Amino acid sequence: MPLWKIYHPAKAFSEEDKQSIAQRITGMYESFLPRFYVNVLFHELSKSSFYIGGEPTDDFVRVTIAHLARSIKDAEAQQRFLQGCAKILEPFVAARGLRWELHVDETPFELWTVNGLKPPLPNTPEEQRWRKENRAVPHGS
């Protein structure tokens, strides 16, 4: 499950921006993950709640991404992924004069459940069922 947390200055993004960003992020994953795996959270922060180097800021966007459903092991694939993230975010941040940073954490697949269910292994018929139904359903493993 990709979980994107986007910490941003107050009013940096409109509701339409947020939906567009979330749809683009989901699009990055939809060819190989169920759409419901993709979670995007926007955290609006006031200048008095966002500090960099001990100083308040209102021109910085921080993105944290937690990957649970898949890991990116190959260095080339990691760079392609980061480039894809930049392509999604830059029109909403850099193009608007906002500084930004992101990082990716990868949680072991074995330490993840959805609705109390252990997700099916990648590329299995059970995972295809989850993709088709776009929800967690009980399965044999």
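Residues numbered from 1 in each chain as written. Predicted model: local features only at pLDDT ≥ 70, side-chain atom pairs only at ≥ 80, totals over all residues. Heavy atoms only, no water.

A few words on the overall build of the protein. Counting secondary structure elements, the protein contains 3 helices and 6 strands. With respect to the three principal axes, the spread of C-alpha positions in the protein is 50 × 30 × 25 Å. Counting the 141 residues in the protein, one finds 37% classified as buried. Roughly 8,200 Å² of accessible area belongs to the protein as shown, and the carbon and sulfur atoms make up 51% of that amount. (Helix = DSSP H or I, 4+ residues; strand = E, 2+ residues; numbered from the N terminus. Buried < 20%, exposed > 50% of the residue type's maximum accessible area, 1.4 Å probe, protein only. Areas by Shrake-Rupley, 256 points an atom, 1.4 Å probe, with all protein chains shown as cover.)

Below, the discussion takes up the packing of helix α1 (residues 15-29) against helix α2 (residues 75-89). As a packed pair, α1 and α2 sit with axes 10 Å apart at the nearest point and diverge in direction by 155°. Put simply, α1 runs roughly antiparallel to α2. Once α1 is placed against α2, the crossing between them reads as right-handed. Judged by residue contacts, I21, R24, I25, M28 and Y29 of α1 engage F81, G84, C85 and I88 from α2. (Axes fitted to C-alpha atoms, helices over the stretch in contact; angles between N-to-C directions. Parallel < 35°, antiparallel > 145°, perpendicular 65-115°, else oblique. Left-handed = near helix turned anticlockwise from the far one by under 90°. Contact = heavy atoms within 4.5 Å.)

One key point about sheets: their strands pair by backbone hydrogen bonds, in either a parallel or an antiparallel sense. In space, the 4 strands of this open sheet follow the order β2-β1-β5-β6, with mixed pairing throughout. A single partner strand is all that each edge strand has here, and the edge strands are β2 (39-45) and β6 (99-106). Between one strand axis and the next, the sheet turns by 15° as a mean value, whatever way the strands run. With 7 bridges connecting them, strand β1 (residues 2-9) and β2 associate as parallel partners. Of the residues in β2, the one forming a bridge with K5 is L41. Packed on one face of the sheet, α1 meets β1, β2 and β5 (60-67) and runs near 150° to β1. Packed on one face of the sheet, α2 meets β1, β5 and β6 and runs near 140° to β6. (Pairing = 2+ DSSP bridges.)

Another aspect to go through is α1. Residues three or four positions apart in an α-helix share a direction because the helix packs 3.6 residues into each turn. Here α1 contains 15 residues, and its C-alpha end-to-end distance of 22 Å stays within 8% of the 21 Å for a straight helix at 1.5 Å per residue. Residues of α1 that are buried: D17, K18, S20, I21, I25, T26 and Y29. (Expected span 1.5 Å × (residues − 1).)

Attention shifts here to the pattern of salt bridges. Evaluation of the coordinates by the stated rule reveals 8 salt bridges. Between R135 and E133 there is a salt bridge; the shortest N-O distance is 2.9 Å. By relative accessible area, which is 31% here, E133 ends up partly exposed. Connected through salt bridges with shared partners, the residues R129, E133 and R135 form a single ionic network. (Salt bridge = Lys/Arg side-chain N within 4 Å of Asp/Glu carboxyl O.)

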